Protein chains: 2
Amino acid sequence: MIKVVLLVLTEQWADWEAAYAVAGINEEPGFTVKTISTDLLPKISIGGLRTEIDYSIEDFYDFSNVALIILPGGYTWAERQYSEIAGFVREASAQGIPIAAICGATIFLGKHGLLDNIRHTGDELECFEIENGYNGRNNYVAAQVAVDKGFITANETAAVDFAYAIFGLLKIDTDEEIELWYNKFKNGIAH
Amino acid sequence: MIKVVLLVLTEQWADWEAAYAVAGINEEPGFTVKTISTDLLPKISIGGLRTEIDYSIEDFYDFSNVALIILPGGYTWAERQYSEIAGFVREASAQGIPIAAICGATIFLGKHGLLDNIRHTGDELECFEIENGYNGRNNYVAAQVAVDKGFITANETAAVDFAYAIFGLLKIDTDEEIELWYNKFKNGIAH
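Please read all numbers here as calculations on a predicted model, not as lab measurements.

Asks: Sorry if this is basic, but what is going on with the overall build of chain A here?
Replies: Secondary structure assignment for chain A yields 6 helices and 9 strands. A burial count over chain A gives 57% of its 191 residues as buried. If you take every contact in chain A between residues at least 6 apart in sequence, the share linking residues at least 24 apart comes to 65%. Looking at chain A as shown, the accessible area adds up to about 7,900 Å², and 49% of this sits on carbon and sulfur atoms.

Asks: What exactly am I supposed to notice about the interface of chain B and chain A here?
Replies: Many descriptions give the size of an interface as the accessible area lost when the pieces come together. Listed per partner, the contact involves 41 residues of chain B and 41 residues of chain A. Taken together, the links from chain B to chain A amount to 6 salt bridges. The residue A:E52 makes a salt bridge to B:R50 at a minimum N-O spacing of 2.6 Å. Our count for the contact surface shared by chain B and chain A stands at 11 residue pairs in polar contact (both at pLDDT 80 or more). With 5 residues, the top contributor of residues to the side of chain B that touches chain A is helix α1 (residues 19-26) of chain B. Of the residues assigned to the side of chain B that touches chain A, the class counts are 21 nonpolar, 12 polar and 8 charged.

Asks: When you look at the pattern of salt bridges in this model, what are you seeing that I'm missing?
Replies: Any two side chains of opposite charge can pair, given that their charged atoms come close. A complete count under the given rule lists 12 salt bridges over all chains for this structure. Between A:D148 and A:K149 there is a salt bridge whose closest N-O contact spans 3.4 Å. One salt bridge connects B:D39 with B:K43, and the closest N-O pair in it is separated by 2.7 Å. By relative accessible area, B:D39 is classed as partly exposed at 28%. A cluster of three or more residues bridged by salt bridges with shared partners is formed by A:R50, B:E52 and B:D54.

Asks: Help me out: how do you make sense of the confidence of the model for chain A in this one?
Replies: It should be kept in mind that the predicted coordinates are not to be read in detail where pLDDT is low. Taken as a whole, chain A shows an average pLDDT of 91; of its residues, 90% reach a score of 70 or greater. In the predicted complex, the global pTM is 0.94; the interface-specific ipTM is 0.94.

Asks: Before we go on, may I ask you to explain the pairing of strand β7 (residues 99-102) of chain B in this structure?
Replies: In the case of a regular strand, side chains alternate between the two sheet surfaces. All names here are of chain B. By the alternation rule, side chains of β7 split into I99 and A101 and A100 and I102, which are all buried. Of the pairings in the sheet, the one linking strand β6 (residues 66-71) to β7 comprises 3 bridges and is parallel in character. Paired with I69 across the bridge in β7 is I99. Bridging between β7 and strand β9 (residues 151-154) involves 4 bridges; their strand directions are parallel. Across the sheet, A101 pairs through a bridge with T153, a residue of β9.

Asks: Mind showing me how you'd approach the pairing of strand β1 (residues 3-8) of chain A here?
Replies: Residue and element names in this part refer to chain A. Counting buried positions along β1 gives 5 out of 6 residues, so the element sits mostly inside the fold. Sheet topology places β1 next to strand β2 (residues 31-37); 6 bridges connect them, and they run parallel. The residue bridging K3 from the neighbouring strand is F31, located in β2. Two elements, β1 and strand β6 (residues 66-71), share 4 bridges in a ladder whose sense is parallel. In the strand pairing of β6, V4 is matched with V66.

Asks: Whenever I open this one, the sheet that holds β2(A) confuses me. Can you help?
Replies: Strand pairs in the sheet, formed through backbone hydrogen bonds, run parallel or antiparallel to each other. Residue and element names in this part refer to chain A. If you trace the 7 strands from one edge of the open sheet to the other, you get β5-β2-β1-β6-β7-β9-β8, paired in mixed fashion. The open sheet terminates on both sides in strands that have one partner only, identified here as β5 (55-56) and β8 (145-148). Against the sheet, helix α1 (residues 19-26) touches β1, β2 and β6, its axis set at about 135° to β2.

Asks: I keep staring at the packing of α1(B) against helix α5 (residues 159-170) of chain B and nothing clicks. Help me out?
Replies: Helices that pack against each other are described as a pair by the angle of their axes relative to one another and the distance between those axes. Residues and elements named next belong to chain B. Running from N to C, α1 and α5 cross one another at 35°; their axes reach a closest spacing of 7 Å. The two elements α1 and α5 meet at a crossing, and its hand is right-handed. For the pair formed by α1 and α5, the contact residues are Y20, A21, G24 and I25 on the first element and A159, V160, A163, I166, F167 and L170 on the second. When its residues are assigned to classes, the contact of α1 with α5 shows 9 nonpolar, 1 polar and no charged.

Asks: Would you mind going over the sheet that holds strand β8 (residues 145-148) of chain B with me for this structure?
Replies: Residue and element names in this part refer to chain B. In space, the 7 strands of this open sheet follow the order β5-β2-β1-β6-β7-β9-β8, with mixed pairing throughout. Each having just a single partner strand, β5 (55-56) and β8 make up the two edges of the open sheet. Strand contacts of α1: β1 (3-8), β2 (31-37) and β6, with the helix running at about 135° to β2, the strand carrying the most contacts. Contacting β6, β7 and β9, helix α3 (residues 104-111) crosses the sheet at an angle of about 120° to β7.

Asks: Hey, could you run me through the packing of helix α5 (residues 159-170) of chain A against helix α6 (residues 175-187) of chain A in this one?
Replies: All names here are of chain A. Put simply, α5 and α6 touch, their axes get as near as 10 Å, and they point 175° apart. Judged by the angle between their axes, α5 and α6 are roughly antiparallel. In this structure, α5 uses V160, D161, A163, Y164, F167 and G168 to contact α6, whose residues at the interface are I178, E179, W181, Y182, F185 and K186. When grouped by side-chain class, the residues that make up the contact of α5 with α6 number 8 nonpolar, 1 polar and 3 charged.

Asks: Help me out: how do you make sense of the nonpolar core in this one?
Replies: Of all hydrophobic cores here, the largest spans 80 residues; its most connected members are A:I70, A:I166, B:I70 and B:I166. Not counting the four nearest positions on each side in its chain, B:I70 is found in contact with B:V5, B:L6, B:L7, B:V8, B:A18, B:A21, B:V22, B:I25, B:A100, B:F162 and B:I166.

Asks: Looking at this structure, how should I read a negative patch on the surface?
Replies: A grouping of A:D173, A:D175, A:E176, A:E177 and A:E179 is seen on the molecular surface, where their side chains present a negatively charged patch. Within the fold, A:E177 resides in helix α6.

Cut-offs used in this document
Residues numbered from 1 in each chain as written. Chains lettered and ligands numbered in written order. Predicted model: local features only at pLDDT ≥ 70, side-chain atom pairs only at ≥ 80, totals over all residues. Heavy atoms only, no water. Helix = DSSP H or I, 4+ residues; strand = E, 2+ residues; numbered from the N terminus. Buried < 20%, exposed > 50% of the residue type's maximum accessible area, 1.4 Å probe, protein only. Contact = heavy atoms within 4.5 Å. Areas by Shrake-Rupley, 256 points an atom, 1.4 Å probe, with all protein chains shown as cover. Salt bridge = Lys/Arg side-chain N within 4 Å of Asp/Glu carboxyl O. Polar contact = N/O pair within 3.5 Å; in protein donor to acceptor, adjacent residues only side chain to side chain. Nonpolar A, V, L, I, M, F, W, Y, C, P; charged D, E, K, R; others polar. pLDDT = per-residue confidence, 0-100. Pairing = 2+ DSSP bridges. Axes fitted to C-alpha atoms, helices over the stretch in contact; angles between N-to-C directions. Left-handed = near helix turned anticlockwise from the far one by under 90°. Parallel < 35°, antiparallel > 145°, perpendicular 65-115°, else oblique. Core = buried A, V, L, I, M, F, W, Y, C linked by side-chain atoms within 4.5 Å. Patch = residues over 30% accessible without salt bridge, like charges linked within 9 Å, V, L, I, M, F, W, Y side chains within 5 Å. Lys, Arg positive; Asp, Glu negative; His and termini not counted. Charge placed at Lys NZ, Arg CZ, Asp CG, Glu CD.

Here you go:
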């Protein structure tokens, strides 16, 4: 059975943040990446890429093949509530499915109380704490990526580290191959 | 007049390679990013993102507002000829429009003779040279990014450097702001 990784796209999703992760996952024979959103309308990235949606959250019930849910950042996480996405993540997490969020999506998770007991990173959580009464400050770690209790969180500049943590969690390849990938993309190689 | 940056998408385009570049360009008020391909069918990335196409190459004639053409890498550059894309790039370049290519797209340019007199980088050009009689070897530089005579070329691990070179060429912001962006994304910041 091929494992499904769901990529949650919102309006003005950040092109680069989950890019390494989805490319690495989807090219593995045992995995497939599918997009999911609040509806089936294409979602336009910050970069202007109009990307189609495979599943609507309201019609998605069967988590049996889902290996991971990835939430890239984007400009609308802060300005919209996205309660239906929060409910979807809460349900998936309750069923034991890991959640990976980066940049603005970590703030979104915090806002909905999903990081209250999770060690997490994430940009601008301090601002968020002030504005919204966020109460997970004690679990905040000053790192590019944090992995705790089925949640991966990362900063906006940590797209490669985010993918590395995801590849390790999904075990998409041997530890050695994943390490080679990380060193190559983290440090760059001049040919 | 808003300047247009064309992103050439092919089947199995590499999600991460132009991601920083298009996001940075499209969020500037003076620029818009549009996708273009050999036809108007959506093109699926390596990561499985089915992205819609704004323009077909065969119907695109007016380059007056075009500021740049970006060619991200991808798995089909090596296996397909894409002669219509080569003709399109040649025509645009002849009209003085800069071309930015990364990873497999640099090999594609080399294959069609478009880098013969250009200092360039690019992955696996050595292999390409052997297999296809590529004759631009003397212009090859062992660097993550090369900028020469209106061509920007970059390696697959150089997505941030590629964007940095593009931002500088387009002058999307002040030199200081572009430098701040580069330092932030090149080195990462732990909040």
